[in-house]
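Tertiary structure, described
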Amino acid sequence: EAMRILLPLLFLAGCAAPAAGPAPPASLRLVSYNIKHGLGMDGELDLERVGDYLESTGADVVLLQEVDERASRSGGVDQAAVLGARLGMTAHFAPFMDFQGGRYGLAILAAPRVLDAEVIALPAGTREPRSAMVVTLDLDGTTLRVANAHLDWLADDERRVAQARALLEALIVEAGDGLGAPSATILGGDLNDVPKSPTLALLQGWTAFRRVGPAAPTFPADSP
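Description of the structure in this document.

Let us now look at the packing of aromatic side chains. The description of two aromatic rings rests on the distance between their centres and on the angle between their planes. This structure, assessed with the given rule, holds three aromatic pairs. An angle of 70° between the planes, with centres 5.2 Å apart, marks the rings of Y33 and Y53 as edge-to-face. A residue pair is termed long-range when its members are at least 10 positions apart, and Y33 in strand 2 (residues 30-34) and Y53 in helix 1 (residues 47-57) qualify at 20 residues. According to the relative accessible area criterion, Y33 is buried, its value standing at 1%. Relative accessible area serves as the criterion here: at 32%, Y53 is assigned to the partly exposed category. For the pair F99 and Y104, a centre-to-centre distance of 6.1 Å together with 55° between the ring planes defines the contact as tilted. Judged by its relative accessible area of 6%, Y104 is buried. Connected via pairs of aromatic rings, a cluster forms that spans F96, F99 and Y104.

Right, here's the structure in full:
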């Protein structure tokens, strides 16, 4: 059985007034998946079945968390590159830290053309640094920004809120005489939080972001 997502996720979308230009695609499927460096609930390290699952989703864009890049524990492979090649997508990796001869972090895989990929440093987590990644996609002449974040995990949400605030500040752009969301931005990832938390209230309360993702529980993975 393919591994299921391990921790809570969220998709948020923000849109300002649409600009004139080509109509966007009718649909775009995004998947967020904490792969735990390919380690399943059965204790088996198996990146191939992660690829099997992602392929079955028909996703156009995949947000991955807990990704190894050439770390010894996962066989020294570049996991984002391997999964990207499997899915026919470009792979974009955002490292948190050096780890076991390689690096550890998160990644975005994309089938649409990527115009830009940016790594955003966030306030440090409890036991490790944290970063987010933002890619700008070309969707038949329309641009869309997609952000992937993996926030701190402790019940004390002070660091998590600080990370969410820093990410939002990095995403906000000048809009006329004030600040607003860019014309199209989707934020997703493993936010390590629950509904109605200060973190989610902050994310959903800022500018034009609204929740568009599933509301089903995702933790613990074997009995969410």
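Below, the discussion takes up the pairing of strand 7 (residues 130-139). Along strand 7, 10 of the 10 residues are buried, which leaves the element largely enclosed by surrounding structure. On strand 7, burial covers both faces: R130, A132, V134, T136 and D138 on one face and S131, M133, V135, L137 and L139 on the other are all buried. Examined bridge by bridge, strand 6 (residues 113-122) and strand 7 share nine bridges and lie antiparallel to one another. The residue bridging R113 from the neighbouring strand is D138, located in strand 7. When strand 7 meets strand 8 (residues 142-150), the two strands line up antiparallel, connected through eight bridges. Of the residues in strand 8, the one forming a bridge with A132 is A149. Here strand 7 hands over to strand 8 after two residues, with D140 in that stretch at a positive phi of 55°.

Moving on, we get to unusual backbone geometry. Negative phi characterises most residues that are not glycine, and trans characterises most peptide bonds. F219 connects to P220 through a cis peptide bond whose omega is -10°. Among the secondary structure elements, P220 is positioned in the segment after strand 12 (210-211). Here the phi dihedral of E66 falls at roughly 55°; this positive angle occurs in a residue that is not glycine. Mapped onto the elements of the fold, E66 is located in strand 3 (residues 61-69). For E66, a relative accessible area of 16% translates into the label buried.

Time to look at the sheet that holds strand 5 (residues 102-110). One open sheet holds the four strands; their spatial order is 2-3-5-4, and the pairing between them is mixed. The open sheet has two free edges, formed respectively by strand 2 and strand 4 (90-99), since each of these has just one partner strand. Ignoring strand direction, the axes of neighbouring strands in this sheet form an average angle of 20°. Where strand 2 and strand 3 come together, five bridges link them in parallel fashion. Within the sheet, the bridge partner assigned to Y33 lies in strand 3 and is L64. Docked against the sheet, helix 1 engages strand 2 and strand 3, running at close to 160° with respect to strand 2.

About the criteria used
Sequence order sets the numbering: in each chain, residues are counted from 1 along the sequence as written. Restriction of local features to residues with pLDDT of at least 70 applies here, the model being predicted, together with a cutoff of 80 or more for giving and counting side-chain atom pairs; totals for whole chains, interfaces and linings are based on all residues. For side-chain calculations, the full set of non-hydrogen atoms in the structure is used, while hydrogens and water are omitted. Note on aromatic pairs: the rings of Phe, Tyr and Trp (six-membered ring only in Trp) are paired at centre separations within 6.5 Å, and the planes decide the class, stacked below 30 degrees, edge-to-face beyond 60, tilted for the rest. Runs of E in the DSSP output that reach at least two residues are strands. Runs of H or I that reach at least four are helices, and both are numbered from the N terminus. Burial classification: accessible surface area is computed with a 1.4 Å probe over protein chains only, and a residue below 20% of its type maximum counts as buried, one above 50% as exposed, and the rest as partly exposed. Two strands qualify as a pair provided that DSSP identifies no fewer than 2 bridges between them. The convention used is that axes are lines fitted to C-alpha atoms, helices contributing only their stretch in contact, and that angles between N-to-C directions extend from 0 to 180 degrees. In what follows, a contact means two residues having at least one pair of non-hydrogen atoms within 4.5 Å.

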